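Next come the chains, spelled out residue by residue.
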Amino acid sequence: LMNEGKIQDAHDVFLQLGDYKDSILKIEFINEIKQLNNVIVGDYIKFGKYEQDNNFSNGKEKIEWLVTDKKDGKILLLSKYLLDYKKYNSSYIETTWESCTLRKWLNNDFYTIAFSADEQSLISKEKVSADHNPKYETNPGNTTQDNIFLLSGLEAKKYFGSDDARKCSPTEYAAAVTNGMWKISYGPCWWWLRTPGRTQSDASLVATNGIVDYLGDYVISRAPIGVRPA
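What you see is a predicted model, and the numbers here were worked out from it, not measured in a lab.

S.K.: I'm lost on the overall build of the protein in this one. Help?
M.R.: Scanning the protein for helices and strands turns up seven helices and ten strands. For 230 residues, the compact-globule formula gives about 17 Å, and the C-alpha radius of gyration of the protein, at 18 Å, lands near that figure. Counting every position in the protein, which comprises 230 residues, the buried fraction comes to 47%. A sequence separation of at least 24 residues applies to 59% of the contacts in the protein between residues at least 6 apart. Carbon and sulfur atoms make up 51% of the accessible area of the protein, which totals about 11,500 Å². Distance between charge centroids for the protein: 3 Å, based on 28 positive and 31 negative side chains.

Written out as structure tokens, the structure reads:
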């Protein structure tokens, strides 16, 4: 029934099956499809799961996403909260979004942890532009093909009408597990952008006050710069 597009009929059958095998997960997936079909820009929806309340005994929590764009049958989602803290790159070298370790982590580890096989089937691999830094002559690298990515500086300005709207706070898990970085508060924090920074060993970011900071910070910065997947 699902393969035939008869989503509601499939939902009713899974409901009759109770807790047989993965029926409950299939019902959750169908409900996700329903909400994805009806969203408009500015909505918040839940899709996928990741540890967020820092209580591992109750399993992962649903990820909340902001719908930032919708066109051609696709929607662009950006996480409402900073979900983790990672360095932009694992070593202090000249790098780009194309070659950084954060891109690999998002498209491998995070992609696998956060989304079921059914959910992954709904995530398209998109062409991600190598946007230039408008203030510095750094090399943005090449266009990539990604399932998960970071916004560029240009996109961070395009999808948010003000600095205040760009502010983003971490989940309890992210705030507690800072991966050897400085201790942070639960208020708005910095978050990485894929655009290179002032030098080829820096990456741009959104600051705590919501401004797009093209100067950026070291790709191996120990400052708590969060990950806000798109």
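S.K.: Would you explain the packing of aromatic side chains in this entry?
M.R.: Each aromatic ring pair is summarised here by two numbers: the centre-to-centre distance and the angle between the ring planes. The final tally for this structure, using the stated rule, is ten aromatic pairs. Relative to Phe115, the ring of Phe47 lies with its centre 5.5 Å away and its plane at 35 degrees, an arrangement referred to as tilted. One end of the pair, Phe47, is in strand β1 (residues 44-50); the other, Phe115, is in the loop between α3 (101-114) and α4 (117-120), with 68 residues separating them in the sequence. Its relative accessible area of 5% is what places Phe115 among the buried residues. Between Trp65 and Phe115, the aromatic rings sit 6.3 Å apart at their centres with planes inclined by 25 degrees, giving stacked as the arrangement. Of the two residues, Trp65 is situated in strand β2 (residues 61-71) and Phe115 in the loop between α3 and α4; the sequence distance between them amounts to 50 residues.

S.K.: Quick question: what am I supposed to make of unusual backbone geometry here?
M.R.: For residues besides glycine, phi is generally negative; the peptide bonds are generally trans as well. Residue Asn54 is not a glycine yet carries a positive backbone phi of 65 degrees. Locating Asn54 in the fold gives a position in the loop between β1 and β2. For Asn54, a relative accessible area of 33% corresponds to the partly exposed category. Phi angles above zero are rare outside glycine, and Asp72 is one such case at about 55 degrees. Within the secondary structure layout, Asp72 lies in the loop between β2 and β3 (74-79). For Asp72, a relative accessible area of 74% gives the class exposed.

S.K.: Explain the sheet that holds β2 here, please?
M.R.: Neighbouring strands of a sheet are bound in pairs by backbone hydrogen bonds; such pairs are parallel or else antiparallel. Taken in spatial order, the three strands make up an open sheet running β1-β2-β3, and their pairing is antiparallel. Unpaired on one side and paired on the other, β1 and β3 mark the two borders of the sheet. Each strand of the sheet is rotated relative to its neighbour by a mean of 45 degrees, with strand direction disregarded. Bridge count between β1 and β2: five bridges; the pairing is antiparallel.

S.K.: Just to check I follow, could you spell out empty space enclosed by the protein for this structure?
M.R.: Vacant regions in the atomic arrangement are exposed by a probe of water-molecule size rolled over the atoms. Evaluation of the coordinates by the stated rule reveals one cavity of 30 Å³ or more. If you go around the largest cavity, the residues you meet are Trp97, Ser129, Ala130, Asp131, Pro140, Asn142, Ser152, Arg194, Thr195 and Pro196. The residue inventory of the lining of the largest cavity, partitioned by class, reads four nonpolar, four polar and two charged.

Calculation rules
Residues numbered from 1 in each chain as written. Predicted model: local features only at pLDDT ≥ 70, side-chain atom pairs only at ≥ 80, totals over all residues. Heavy atoms only, no water. Helix = DSSP H or I, 4+ residues; strand = E, 2+ residues; numbered from the N terminus. Rg over C-alpha atoms; globule rule 2.2 N^0.38 Å. Buried < 20%, exposed > 50% of the residue type's maximum accessible area, 1.4 Å probe, protein only. Contact = heavy atoms within 4.5 Å. Areas by Shrake-Rupley, 256 points an atom, 1.4 Å probe, with all protein chains shown as cover. Lys, Arg positive; Asp, Glu negative; His and termini not counted. Charge placed at Lys NZ, Arg CZ, Asp CG, Glu CD. Phe/Tyr/Trp six-rings, centres within 6.5 Å; stacked < 30°, edge-to-face > 60°. Pairing = 2+ DSSP bridges. Axes fitted to C-alpha atoms, helices over the stretch in contact; angles between N-to-C directions. 1 Å grid on protein atoms, 1.4 Å probe; cavity = no way out; pocket = protein on both sides within 12 Å on 5 of 7 lines; lining within 4 Å. Points joined across faces, edges and corners; volume = space filled by probe spheres on them. Nonpolar A, V, L, I, M, F, W, Y, C, P; charged D, E, K, R; others polar.

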